[in-house]
Amino acid sequence: MRLSRRITIMLAGAVLATGIAGSGVPAGARGPAPGIADLTRDLDQILADSRLAPARAGVAVRAAASGEDLYSLDADKLFAPASNTKLLTSAAALDTLGADFRFTTDVLAASKAGRTVVGDLTLRGTGDPTMLAADYDALAAKVAAAGVKVVTGRLVADDTWFDDVRLGTDWAWDDEPYYYAGQISALTAAPDTDYDAGSVIVSVAPGSGPGKAAKVSTTPATGYVTIVNKAVTGDETDVLVERQHGTNTVVVSGTVAEPYDEWVAVWDPTLYAATLFREGLARHGVKVLGPTVRGTATAKAVTVAARRSMPLGDLLVPFLKLSNNMHAEILTKAMGRKVSGAGTWSAGLAVTTAFAQANGVKTLRLRDGSGLSRVDALTPGGITALLAAVRGKPWFPTWYAALPIAGEAERMVGGTLRSRMGGTAAAGNVHAKTGSLTGVTALSGYVTSADGEPLVFSVISNGYLSGPPRDLEDRIAVRLAQFTRNAPVDETVDESVDEAAGVSADARGVAPEPTPQETGQASRRPSAGDLECSWLKPARC
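Cut-offs used in this document
- Residues numbered from 1 in each chain as written.
- Predicted model: local features only at pLDDT ≥ 70, side-chain atom pairs only at ≥ 80, totals over all residues.
- Heavy atoms only, no water.
- Helix = DSSP H or I, 4+ residues; strand = E, 2+ residues; numbered from the N terminus.
- Buried < 20%, exposed > 50% of the residue type's maximum accessible area, 1.4 Å probe, protein only.
- Areas by Shrake-Rupley, 256 points an atom, 1.4 Å probe, with all protein chains shown as cover.
- Pairing = 2+ DSSP bridges.
- Axes fitted to C-alpha atoms, helices over the stretch in contact; angles between N-to-C directions.
- Polar contact = N/O pair within 3.5 Å; in protein donor to acceptor, adjacent residues only side chain to side chain.
- pLDDT = per-residue confidence, 0-100.
- Contact = heavy atoms within 4.5 Å.
- Phe/Tyr/Trp six-rings, centres within 6.5 Å; stacked < 30°, edge-to-face > 60°.
- Lys NZ or Arg CZ within 6 Å of the ring centre and 35° of its normal.
- Salt bridge = Lys/Arg side-chain N within 4 Å of Asp/Glu carboxyl O.
- Core = buried A, V, L, I, M, F, W, Y, C linked by side-chain atoms within 4.5 Å.

Trainee: Explain the overall build of the protein chain residue by residue, including any values.
Mentor: Counting secondary structure elements, the protein chain contains 13 helices and 22 strands. For the protein chain, buried positions account for 54% of its 541 residues. With an accessible surface of roughly 20800 Å², the protein chain has 54% of that area assigned to carbon and sulfur atoms.

Here's what the structure looks like:
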């Protein structure tokens, strides 16, 4: 393989040199430089993979500074982009809201806070996806510190900053119980610092002996979720965790031999957040006499406690590194609220669409901010145009750093690329966004060539029947990292195109033996190949 490729390169070089020497036309008019011709041959070879024969693949590569097209395959055709949609959403959010934007959560009293609040106590949110149970407890502690002991009215949950449409258009109905398709609300809560808003962690552990009941708990510990435990201790872990539709009853069944965690989306995150807050009030000695209801704070209500989230510039890290769907949708509605006063998907998507069109994306269709919708449509050429255009934005360094980085093992650095392209020229070099749905895989972002030239690229595949051909994306990215304009890639740099990304079995398209969690045997969730690796909890990429 190496010898034949070397001969091909030498012959190609000789032919090119002969052609140039034999005519009086300047070399620049002859066609692509040797390095570009070599790149084209190699990418053509990679994309000739048989797995793509029944599928569609689109590729665009361009010089980031000049916009010169270096390679194109159906670059102007529309593809389902999966989580590559988040490139548009995150960039539009930074441009619209600003890197210093913070979500606020307030507690307001109907009357001036004293020992007794006469009337309602209102918890009002603006969509903060980073609110933890501990943060609601801290708000409750502030209410108690203000001297409040009794609220004569109700606890009002005010989520009216956004509309009451909880799930995105076109989302698959069978994704609804899973945390990566959680319901969207202006009042919500996350179970840990991955900030998967609107979910709880259900933990299942072996009981006192074989055949005995398993131990089940939730994070956070809350009465909002009712557990029906049918699971028993066994010789293997084969657990099914199911939230019954329209309820917060979670049925746990199967056998467990070792501790197992499942992230579960709650039904109605507004009341989930209000419950956590009410439980915190009780712990701090504040008694609310009335029930918990939905409503809106009155104009004369007085602020008793408040919390501000981390700035958007910091939130981008868990958002993009872990491909967090809920962050994308919350930011979409937040943009709509700021620009048009409507916290709706339609208003927010209008903002993202206008931003994308102003930055080189000529053709697109957006139905959500995360890419969960299969009706979303982008072109590889449009994505690379946007990637090139935003390099001049003042917030670009923050955004660029928040993208997953190939081969970087630290989870909040490498993100969804932490296990890919390690030990190659792309490692620590490629900053890119992944995308995965059943039959969809994508990788788009930035790479610096061997000459130090910044390049942008987008690779999207739709409709394959095999396992996801992510190894082809990796090989393309590695080849771009080796690219030099003035000469073919020598075998000492790239011994063969086939081996360029072959640092692991997975990078060559030969997946390692999957865990029960990855195959769906443990939870019967969608298979590993259909999801972003960061959605595969607890295995995690």
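Trainee: An account of the sheet that holds strand 14 (residues 260-265) is needed here, citing residue identities and associated values.
Mentor: Taken together, the 3 strands give an open sheet; going across it, the order is 9-8-14, and neighbouring strands pair in antiparallel fashion. Each of the sheet's edge strands pairs with one partner strand only, and the pair in question is strand 9 (215-219) and strand 14. With direction set aside, neighbouring strand axes in the sheet form an average angle of 25°. When strand 8 (residues 199-205) meets strand 14, the two strands line up antiparallel, connected through 6 bridges. By the bridge assignment for strand 14, Val200 is matched with Val264.

Trainee: Before we move on, could you go through the side chain of Thr416 and cite the residues and values that matter?
Mentor: Secondary-structure assignment places Thr416 in the loop between helix 11 (411-414) and strand 20 (431-437). Judged by relative accessible area, which is 3%, Thr416 ranks as buried. Engagement of the side chain of Thr416 in a polar contact is seen with the side chain of Thr434, the distance being 2.8 Å.

Trainee: Give a detailed account of the environment of Val489, specifying residues and quantitative values.
Mentor: By secondary structure assignment, the location of Val489 is in the loop between helix 12 (470-482) and helix 13 (516-519). Separated by 454 residues in sequence, Val489 and Gly35 have C-alpha atoms that sit 7.2 Å apart.

Trainee: Describe the confidence of the model for the protein chain, with residues and values.
Mentor: On average, residues of the protein chain score 88 in pLDDT, and 86% of them are at 70 or above. In this model, residues 1-29 is a region of pLDDT below 50 whose contacts with residues beyond four sequence positions or in other chains number 25 contacts. In the predicted structure, residues 491-524 sits below a pLDDT of 50 and forms 69 contacts with residues beyond four places in sequence or in another chain.

Trainee: Help me get a handle on the packing of aromatic side chains, residues and values and all.
Mentor: Inspection of every chain in the model, using the stated rule, returns 13 aromatic pairs. Measuring from ring centre to ring centre gives 5.8 Å for Tyr179 and Tyr180, while their planes differ by 75°; the resulting arrangement is edge-to-face. Judged by its relative accessible area of 3%, Tyr179 is buried. Overall, Tyr180 belongs to the buried group, its relative accessible area being 3%. One aromatic cluster in this structure is built from Phe355, Trp395, Phe396, Trp399, Tyr400 and Tyr446. Cation over ring: Arg56 sits above Phe79, and NZ or CZ is 4.1 Å from the ring centre. Looking at Arg337, its charged tip hangs above the ring of Trp161, at a distance of 3.7 Å from the centre.

Trainee: Residue-level account of the pairing of strand 5 (residues 121-125), with values.
Mentor: A large share of strand 5 lies buried, amounting to 4 of its 5 residues. Relative to strand 5, strand 3 (residues 104-109) runs antiparallel, the two being bridged by 5 bridges. Directly across from Val107, in strand 5, lies its bridge partner Leu123. Note: strand 5 against strand 7 (residues 155-158), 4 bridges, orientation parallel.

Trainee: Describe the environment of Lys338, listing the residues and the values that go with them.
Mentor: Looking at where Lys338 falls in the secondary structure, it is placed in helix 7 (residues 325-340). Expressed as a C-alpha distance, the spacing of Lys338 and Thr96, which sit 242 residues apart in the sequence, is 8.3 Å. Apart from the residues lying within four places of it in its own chain, the contact partners of Lys338 are Thr96 and Leu97. In this structure the side chain of Lys338 is engaged in a polar contact, spanning 2.8 Å, whose partner is the backbone oxygen of Thr96.

Trainee: Summarise the pattern of salt bridges; cite the residues concerned and give the values.
Mentor: Counting across every chain of the model gives 25 salt bridges. For Asp170, the salt bridge goes to Arg367, with nearest N and O atoms at 2.7 Å. Of this pair, Asp170 sits in the loop between strand 7 and strand 8 while Arg367 sits in the loop between strand 18 (364-365) and strand 19 (377-378), placing them 197 residues apart in sequence. Residue classification places Asp170 among the partly exposed positions, given a relative accessible area of 33%. Take Arg367: its relative accessible area is 31%, and that puts it in the partly exposed class. One network of salt bridges, in which partners are shared, links Asp38, Arg41, Asp42 and Arg479.

Trainee: So what's going on with the nonpolar core? Which residues, and what values?
Mentor: Ranked by internal contacts, the top residues of the largest apolar core, which has 63 residues, are Leu88, Leu312, Leu316, Leu386, Val390, Trp399 and Tyr446. Those elements that provide at least two residues to this core are helix 3 (85-97), helix 6 (312-321), helix 7, helix 8 (345-358), helix 9 (380-389), helix 10 (396-402), strand 21 (440-448) and strand 22 (454-462). Top contributing element to this core by residue count: helix 3, with 7 residues. Grouped together as the second largest cluster of nonpolar side chains are 42 residues, Ala109, Tyr136, Ala140 and Leu276 included.

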